[in-house]
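Read off the chains here:
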Amino acid sequence: MNDDGEIPENLLPDEWEVDDQIEADDPEKGRLVPALEFRNVDLAFDDQVILSDVSFMVGRGETRFVLGGSGTGKSTVIKLVLGLIKPDSGQVFVEGEDITHMDDVDLGRIRKKIGMVFQDGALFDSLSVYENVAYRLHEARVPEDEVEHEVVRMLQFVDLEDAIDKMPIELSGGMRRRVGIARALVGNPSIVLFDEPTAGLDPPTARTICELAIKLRDIEDVSSIFVTHEMNNLEYVGSEYAILDRKGNIHYELAGKTYCLLNTKIMMLLKGDIWFTGREEELRASEDPYIRKFIRGK
Amino acid sequence: MNPITRFLFELQEITNLLWRAIKGLGKKPRYFKEIIRQMDSIGVGSVGIVVLTGFFTGGVLVLQAFPTLEYYGAQSNVGQGIAASLIRELGPVLAALMVAGRVGSAISAELGSMVVSQQIEAMRALGTSPVRKLVTPRIIALLVTLPMLTIGADIAGLIGGGLVAKQLFGLDINTYISSVRSGTDVNDIVAGMIKPLVFGGIIGAVSCYKGLSTTGGTVGVGTSTTQAVVSSSITIIVADFFLSKILQSALSSTLF
């Protein structure tokens, strides 16, 4: 990086130049268009203000942590992205498209780009693991041999291919979440929304879920919103990155004290407002009493 | 919200849900397999209780009516009265009430559980309309199977009445059959088939609405299940009165 903050062209890999050229010609399809954007969003239920003039953007391949105590509107952010609820005012954009006033047909098209991981997996009880993961493909009437191939691939991604014929009731909490992640990833969504995916899980299982989120961000280039109130999630996803070795194995490495991950940002909500926005290091260095209490628990 | 406002609000929401469910049939994807599955669960699964209810209701009607008719020497006409009351009123109403109890509660509990475990939200997030996927098949299944179940209840009731008349009162079975035939006309059958269509719509719409509007976790599932059965049953009985009056006026002016 030179004194003007620009990277000399000779340091950029060739494919970056090619990509940038294509995107400059067609900015709507390029990485310049944020994956998600909230513009001045207001939302209230009766007299209770949930979000007040909230604006933020999530870039392509970026993970945005949404932190906050219970009832601060974290999960509401996700529901707004999916169009499950409409804001009272303001706009919500998904990959450049304004979804604020879209009807169900158009929202269905938008939702196909988005994978959603629910707090408890939200698996369909009456369907097997295979049918749960295949749900989206069955709805799209995809031929069964293609469905089977995709389901096996997704279950391998979450390391659960042995559970393919089980019913959700037979799975542990962590396995249910991982099946939920596999279901969310079918169809290769460009955006994944995590709604407290590690709540109530033991630390090793929570770590596994976080590794999946890291893998999605760094290997699959997926944009995501990660709603949580657990600081260890932030520690894992905010300070580690995934790399592929020559054999195709994935390794997780610490970003270290000197570097910070540019593709992971944090947003803290309080009383309907964005209380903090920045990187993990900035959050931990903050002197704000609420943030300090949130991090340390006292 | 006061009770009248709440009643009007729920009526509006239930009507809206029913309309969206019927409208959903005109759009793809259509869930024919799910409709067949629901017909099996709702229709075939309810045959036993509906037939049993019809059989014993027919029997008890004869048991109560026969001594009175015998007093007036009109015992040979017992089948006429039984047929009229079963086909016009008791068959449709009792079949609907039994199905409301068995199926309405199941629908409401299933959908309510799906709401509290976020499965409905997951379905919407996966791009599926819960109305088209869950509500439409259940309502269609009820509209198709309840008239069939009603026919089953009517026939079982007539058989039950015939058995009681023959075995307990010694009435000749041919006399019973001919009085049943003379007491049944096309108007009765038409009215007896229109009613279960309306009742099926009521059970489906009320139960699905109560299930989908469940709040308050597992306790809420119990509450909405109770409300689904109570509201469907009361609505069926109230609707039966007005429907009888409307059908009486409409069918008496026809050529049947």
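Notes on the structure in this doc start here. Because the structure is predicted, anything quoted here is derived from the model rather than measured.

Rules behind the numbers
- Residues numbered from 1 in each chain as written.
- Chains lettered and ligands numbered in written order.
- Predicted model: local features only at pLDDT ≥ 70, side-chain atom pairs only at ≥ 80, totals over all residues.
- Heavy atoms only, no water.
- Helix = DSSP H or I, 4+ residues; strand = E, 2+ residues; numbered from the N terminus.
- Buried < 20%, exposed > 50% of the residue type's maximum accessible area, 1.4 Å probe, protein only.
- Contact = heavy atoms within 4.5 Å.
- Areas by Shrake-Rupley, 256 points an atom, 1.4 Å probe, with all protein chains shown as cover.
- Polar contact = N/O pair within 3.5 Å; in protein donor to acceptor, adjacent residues only side chain to side chain.
- Core = buried A, V, L, I, M, F, W, Y, C linked by side-chain atoms within 4.5 Å.
- Patch = residues over 30% accessible without salt bridge, like charges linked within 9 Å, V, L, I, M, F, W, Y side chains within 5 Å.
- Salt bridge = Lys/Arg side-chain N within 4 Å of Asp/Glu carboxyl O.
- Lys, Arg positive; Asp, Glu negative; His and termini not counted.
- Charge placed at Lys NZ, Arg CZ, Asp CG, Glu CD.
- 1 Å grid on protein atoms, 1.4 Å probe; cavity = no way out; pocket = protein on both sides within 12 Å on 5 of 7 lines; lining within 4 Å.
- Points joined across faces, edges and corners; volume = space filled by probe spheres on them.
- Nonpolar A, V, L, I, M, F, W, Y, C, P; charged D, E, K, R; others polar.
- Pairing = 2+ DSSP bridges.
- Axes fitted to C-alpha atoms, helices over the stretch in contact; angles between N-to-C directions.
- Left-handed = near helix turned anticlockwise from the far one by under 90°.

**Concerning the overall build of chain A**
The helix and strand inventory of chain A stands at ten helices and twelve strands. Residue burial in chain A is summarised as follows: out of 298 residues, 49% are buried. Counted over contacts in chain A with a minimum sequence separation of 6, partners at least 24 positions apart contribute 62%. Accessible surface, chain A: about 15,000 Å² in total, of which carbon and sulfur atoms supply 50%.

**Section: the side chain of B:Thr128**
Take B:Thr128: it is sitting in the loop between helix H4 (119-125) and helix H5 (130-167). On the accessibility criterion, B:Thr128 (5% relative accessible area) is buried. At 3.2 Å, the side chain of B:Thr128 forms a polar contact with the side chain of A:Tyr135. Separated by 3.2 Å, the side chains of B:Thr128 and A:Glu139 make a polar contact.

**Quick word on the nonpolar core**
Counting residues in hydrophobic clusters, the biggest one holds 76 residues, and the most contacted among them are A:Phe38, A:Leu51, A:Leu193, A:Ile225 and B:Phe199. Excluding its chain neighbours within four sequence positions, the residues that come into contact with A:Ile225 are A:Leu36, A:Phe56, A:Val58, A:Arg64, A:Val66, A:Val77, A:Ile78, A:Val81, A:Val192, A:Leu193 and A:Phe194. Formed by 47 residues, the second largest nonpolar core is a distinct cluster that contains A:Leu67, A:Tyr130, A:Val186 and A:Ile209.

**Here's the deal with the environment of A:Arg60**
Residues and elements named next belong to chain A. As for its placement among the helices and strands, arginine 60 is situated in the loop between strand S2 (48-58) and strand S3 (63-67). For the pair arginine 60 and glutamate 95, spaced 35 residues apart in the sequence, the C-alpha separation amounts to 8.9 Å. There is a polar contact of 2.9 Å between the side chain of arginine 60 and the backbone oxygen of valine 33.

**Notes on the environment of A:Glu144**
Residue and element names in this part refer to chain A. Along the chain, glutamate 144 falls in helix H5 (residues 144-157). Note on glutamate 144: relative accessible area 40%, which makes it partly exposed. For the pair glutamate 144 and alanine 134, spaced ten residues apart in the sequence, the C-alpha separation amounts to 9.4 Å. When neighbours within four sequence positions are excluded, glutamate 144 is seen to be in contact with Tyr130 and His138. Here histidine 138 takes part through its side chain, which lies 3.1 Å from a polar atom of the side chain of glutamate 144.

**As for a negative patch on the surface**
Residue and element names in this part refer to chain A. Taken together, the side chains of Glu144, Asp145, Glu146 and Glu148 make up a negatively charged region of the molecular surface. By the element assignment, aspartate 145 lies in helix H5. Classification of aspartate 145 by relative accessible area gives exposed; the value is 58%.

**Some thoughts on empty space enclosed by the protein**
All names here are of chain B. Applying the stated rule across the entire model yields three cavities of 30 Å³ or more. What the largest cavity holds in volume is close to 50 Å³. Tallying contributions element by element places H5 first for the lining of the largest cavity, with three residues. When its residues are assigned to classes, the lining of the largest cavity shows five nonpolar, two polar and two charged.

**Regarding the sheet that holds strand S12 (residues 273-278) of chain A**
All names here are of chain A. One open sheet accounts for six strands, arranged S6-S7-S8-S3-S11-S12; its pairing is mixed. Where the open sheet ends on each side, the last strands, each with one partner, are strand S6 (114-117) and S12. Sheet twist, expressed as the mean angle between neighbouring strand axes with direction ignored, is 15 degrees. By the bridge criterion, four bridges tie S3 to strand S8 (residues 223-227) in an arrangement that is parallel. Among the inter-strand pairings, phenylalanine 65 is bridged to a residue of S8, identified as phenylalanine 226. Helix H6 (residues 173-185) rests against S6 and strand S7 (191-195) of the sheet, and its axis sits at about 170 degrees to S6. Each of S3, S8 and strand S11 (264-270) is contacted by helix H8 (residues 231-239), which is oriented at about 165 degrees to S3, the strand it contacts most.

**A few points about the pairing of strand S4 (residues 89-94) of chain A**
Residues and elements named next belong to chain A. As defined by bridge partners, strand S1 (residues 36-45) adjoins S4 across five bridges and the pair is classed as antiparallel. If you follow arginine 39 over to S4, its bridge partner there is glutamine 91. Bridge count for S4 against strand S5 (residues 97-98) is two bridges, and the pairing is antiparallel. The partner of phenylalanine 93 across the bridge, within S5, is aspartate 98.

**Focus on the sheet that holds S2(A)**
Residue and element names in this part refer to chain A. In spatial order, the strands read S2-S1-S4-S5; together these four strands make up an open sheet with antiparallel pairing. Edge positions in the sheet fall to S2 and S5, since each of these pairs with one other strand and no more. Packing of helix H2 (residues 74-82) onto the sheet brings it into contact with S1, S2 and S4, and relative to S1 it is tilted by some 115 degrees.

**So, the packing of helix H2 (residues 32-71) of chain B against helix H3 (residues 78-116) of chain B**
Residue and element names in this part refer to chain B. In the contact formed by H2 and H3, the axes pass within 8 Å of each other and the chain directions differ by 145 degrees. As H2 packs across H3, the resulting crossing turns out to be right-handed. When the residues that make up the contact of H2 with H3 are grouped by side-chain class, the tally is 17 nonpolar, seven polar and one charged.

What is shown is where atoms sit, not what they do.
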